[in-house]
Structure formats: C-alpha cells, structure tokens
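# A closer look at the structure
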Amino acid sequence: IEMEEVKFYTNSNLMTPESERELKELLAMMNENPDYKIRIHGHTNGTQGRDIVSWEEGQDLFHPDASNKKHAGSAKELSSLRAESVKRYLTDNGVAENRISTKGEGGVQMIYDPRGTMAALNDRVEIEVTKH
C-alpha cells in the first residue's frame, strides 16, 4: 500500500499535517484487523547523504520547531527514520509495537528520475501486510 498522502518536510522525518488523514485510515485498518502485522518501508529521493532534521522522543510528529535535532546522515538512515515516524504514530494511538516492523530502503527503489519534476514523489512510505 503506497501512502500517497503521507509527506515529509524536506530531509526530515517530520510529517506534514496533511499526512494525518491517511495515517488515520491506516490506524483504522490496523484496529479493524487485529491479526494484521505490517512492515513499513521508507524511501528517499536519491542515495546521497544529507543533513537530517528529526524529532526527539515526545516531540510532535507533524510540526517542526527549534528543538528538533539536526545531524548529517545517509539516505538509508533518513528512510528508516521516516518509517519509524509512521510506526510511532500507530503505537502512540494504541497499535501494539510487535505488530509493526520497519525497513529503510534509502534511495535504491526510486520510481521517478531523481532530478526530474516528479522527484519529490520518491520520498514516500509504503505498507506491506506481512500477516493477516
């Protein structure tokens, strides 16, 4: 399942507020299907390293602020952090952690040319149902 409406701020694992609608749908699916287990795949545009802005434990997943940390990291790390953000949203809303695994794919499975007009769509999250 490609989470088409889950978007992230540039080089960040902070999601835009508009992402929450689709995340609520994923949450509803998990609540309606208690036997489901999922793997969240994070993806990035490109494979180059970058400065990553991320949330600290307990911080808001949807609104950047001055307390967010910034560090140099790889595309694979950023994709892992993005998958973990979706996982945190689900666990914060009652889904058991043992029902969710994550995987950072980095930029090795890009759909669009990383220099083209559609490049931002390479930054995405996909959900794989691993048990139902």
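Here, the structure is the one placed above.
Read on for a plain summary of the structure. Values in this document were obtained by computation on a predicted structure and should not be read as measured data. (Residues numbered from 1 in each chain as written. Predicted model: local features only at pLDDT ≥ 70, side-chain atom pairs only at ≥ 80, totals over all residues. Heavy atoms only, no water.)

## Quick look at the nonpolar core
We count it as follows: Definition used in this section: a nonpolar core is a set of buried Ala, Val, Leu, Ile, Met, Phe, Trp, Tyr and Cys residues joined via side-chain atoms within 4.5 Å. Only protein chains enter the accessibility calculation, which uses a 1.4 Å probe; a residue is then buried when its area is under 20% of its type maximum, exposed when over 50%, and partly exposed in between. Counting from the N terminus, the helices are the DSSP runs of H or I reaching at least four residues and the strands are the DSSP runs of E reaching at least two. The contact definition used throughout considers only heavy atoms, calling two residues in contact when any of these lie within 4.5 Å.
Met15, Leu23, Leu26, Ile38, Ile40, Val86 and Leu90 are the most contacted members of the largest nonpolar core, which has 23 residues in total. At the level of secondary structure, the elements contributing two or more residues to this core comprise α1 (20–32), β1 (37–43), α2 (75–92) and β5 (124–131). For this core, the element with the most residues is α1, which contributes five residues. Not counting residues within four places of it along the chain, the set of residues in contact with leucine 23 comprises Met3, Val6, Met15, Phe62, Val86 and Tyr89.

## Some details on α2
The following threshold applies: Every helix has an expected span of 1.5 Å times one less than the residues it contains.
The terminal C-alpha atoms of α2 lie 26 Å apart, and with 18 residues this matches the ideal 26 Å at 1.5 Å per residue to within 8%. Listed in full, the buried residues belonging to α2 are Ala75, Leu78, Ser79, Arg82, Ala83, Ser85, Val86, Lys87, Arg88, Tyr89 and Leu90. Those residues of α2 that are buried lie in contact with α1, β1, β2 (50–54), β3 (69–73), β4 (100–104) and β5.

By themselves these figures say nothing about function.
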